[in-house]
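In case you want the letters, here they are:
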Amino acid sequence: VVEVDDIPTPALAPGQARVRIVAAAVNFPDVLVVAGEYQIKVPPPFVPGSEFAGVVEAVADDVQRLVAGDRVTGTGIVGAFAEEAVVAAQTLQPVPSGVDLRLAAAFGVAHRTAYHVLRSVADVREGDEVVVLGAGGGVGLAAVRLATVLGATVTAVASSSRKLEVAAAHGATHVIDHSTTDLRQALREALPDGADVVVDPVGGQLSEPALRSLHWGGRFVTVGFASGEIPRIPLNLVLLKGVQILGFQFIDFVMHRPDEFARNEQELAALLEQRRIDPHVGATFTLDEVVAALELVATGQAVGKVVIDLSR
Ligand SMILES: NC(=O)c1ccc[n+]([C@@H]2O[C@H](COP(=O)([O-])OP(=O)(O)OC[C@H]3O[C@@H](n4cnc5c(N)ncnc54)[C@H](OP(=O)(O)O)[C@@H]3O)[C@@H](O)[C@H]2O)c1
């Protein structure tokens, strides 16, 4: 049950900052957290929402790196679908000047996930053929754009022509509607020499045909299971095709590969500043409409990012 209510803003503790939230992005894990199905359980009641952008209103006496008026983004497990958040100041990141706070909110989790996956896990190189599942969703659409920025050719897979139009506008060369075509056959036709990389944030029935589209030595990266179904891949396929199946989980990547994480984050910030990436906001809601926003994401209908705009 999600409802909108007035609650007191917590007092500032040492090391914390209070942020007036201007926009929050809805990510699929928010749906899982609300449903109690995320790997990290949060005892209710809590304020959902894992990603926001806003303006610092006040900092605790011991905080040096931020001042009131700074434009920042923040991510966490909960707390973003609110007018204010009180968080550890060190978790806040500056928003480059000139970047709209709604775009800054829409950019973070999806693009950072996609970029770490492509750059470090899949090691995408110029000229690679990359297949992206869920290509109309937050992570998928970011992967489409960022793979093209890395010089790859992208095949976008999604369930509607609207999503695929947007994926094509973000750089996909081939588009496949898996709701109307046989995915395995369509991938064979689109990529006769096979794919180098598959990025899979969906799972379920799509994963195996996508893995079959790889040529010998290709890389398959599992990022999530938005379909609600964890696929079982026959290992004979892995043996026969000589492919690698790799996994990505944000928190673990930060912990185990801190240097690459830092490098990728710098590269991504530069791409945003240079406007080489342009997050697609498919729907915008007010805070009062937060339930509708969560439902849009929960049912897989969102195109690009869903944003809650608190400036309206
Ligand atoms: N590993 C990590 O660190 C990490 C980080 C961020 C997100 N994730 C995960 O990545 C996945 C995608 O996140 P997202 O923010 O991109 O989600 P999203 O915007 O909602 O997109 C998910 C896509 O999954 C497909 N889908 C199929 N069945 C669905 C269903 N029953 N409900 C919802 N979507 C369904 C849809 O594509 P079709 O058009 O093909 O139906 C949809 O566009 C989630 O599982 C999320 O938890 C993982």
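A quick note: this is a predicted structure, and the numbers were derived from the prediction, not measured. (Residues numbered from 1 in each chain as written. Predicted model: local features only at pLDDT ≥ 70, side-chain atom pairs only at ≥ 80, totals over all residues. Heavy atoms only, no water.)

### So, the nonpolar core
Stated precisely, the cut-off is as follows: Nonpolar cores were defined as sets of buried Ala, Val, Leu, Ile, Met, Phe, Trp, Tyr and Cys residues, with membership established by side-chain atoms within 4.5 Å. Partly exposed residues are those whose accessible area sits between 20% and 50% of the maximum for their type, while under 20% is buried and over 50% is exposed, using a 1.4 Å probe and protein chains only. Runs of H or I in DSSP of at least four residues are treated as helices and runs of E of at least two as strands, each being numbered from the N terminus. Residue contacts follow a heavy-atom distance rule, with two residues in contact if any of their heavy atoms lie within 4.5 Å.
Ranked by size, the top nonpolar core spans 50 residues in total, and within it Leu118, Val124, Val130, Leu146 and Ile277 carry the most contacts. Top contributing element to this core by residue count: helix H2 (residues 101–121), with eleven residues. In this structure Val130 touches Leu118, Val124, Ala147, Ala152, Thr153, Val154, Thr155, Val197 and Val199, once residues within four positions along its chain are discounted. Ranked by size, the runner-up nonpolar core spans 29 residues in total, among them Ala24, Val87, Leu287 and Leu310.

### Observations regarding the site of the ligand
Applicable threshold: Note on definitions. A residue lies near a molecule or strand when any single heavy atom of the residue is within 4 Å of it. As used in this structure description, the phrase polar contact means that two N or O atoms lie within 3.5 Å; if the pair is within protein, one of them must be able to donate a hydrogen and the other to accept it, and residues adjacent in sequence are counted only when both atoms belong to side chains. Each accessible area is a Shrake-Rupley estimate made with a 1.4 Å probe; only the visible protein chains count as cover when residues are assessed. Think of it as three bins: nonpolar holds Ala, Val, Leu, Ile, Met, Phe, Trp, Tyr, Cys and Pro, charged holds Asp, Glu, Lys and Arg, and polar takes everything else, Gly as well.
Surveying the vicinity of the ligand reveals 25 residues, the closest of which are Gly138, Val139, Ser159, His178 and Val223. Note that an oxygen atom of the ligand is positioned 2.7 Å from one of the backbone N or O atoms of Gly138. Contacts to the ligand include Ala226, whose backbone N or O atom sits 3.3 Å from an oxygen atom. Considering the ligand on its own, with 910 Å² of exposed area, one finds that the protein chains cover 87% of that surface. Secondary-structure elements contributing two or more residues to the shell around the ligand are helix H1 (28–34), H2, helix H3 (138–149) and helix H10 (290–298). A per-class count over the shell around the ligand returns 14 nonpolar, ten polar and one charged.

### Examining the packing of aromatic side chains
The description of two aromatic rings rests on the distance between their centres and on the angle between their planes. What counts, and what does not: Two aromatic rings, drawn from Phe, Tyr or Trp (for Trp, its six-membered ring), form a pair once their centres lie within 6.5 Å of each other, and the interplanar angle then sorts them: stacked below 30 degrees, edge-to-face above 60, tilted otherwise.
All told, the structure shown has three aromatic pairs when counted by the stated rule. Taking the centre distance of 5.5 Å and the plane angle of 50° together, the rings of Phe248 and Phe253 count as tilted. You'll find Phe248 and Phe253 in the same group, each marked buried. Judged by centre distance (6.0 Å) and plane angle (80°), the rings of Phe250 and Phe261 are edge-to-face. With Phe250 in helix H8 (residues 250–256) and Phe261 in helix H9 (residues 258–273), the pair connects residues that are eleven residues apart, well separated along the chain. Assessed through its relative accessible area of 16%, Phe261 is described here as buried.

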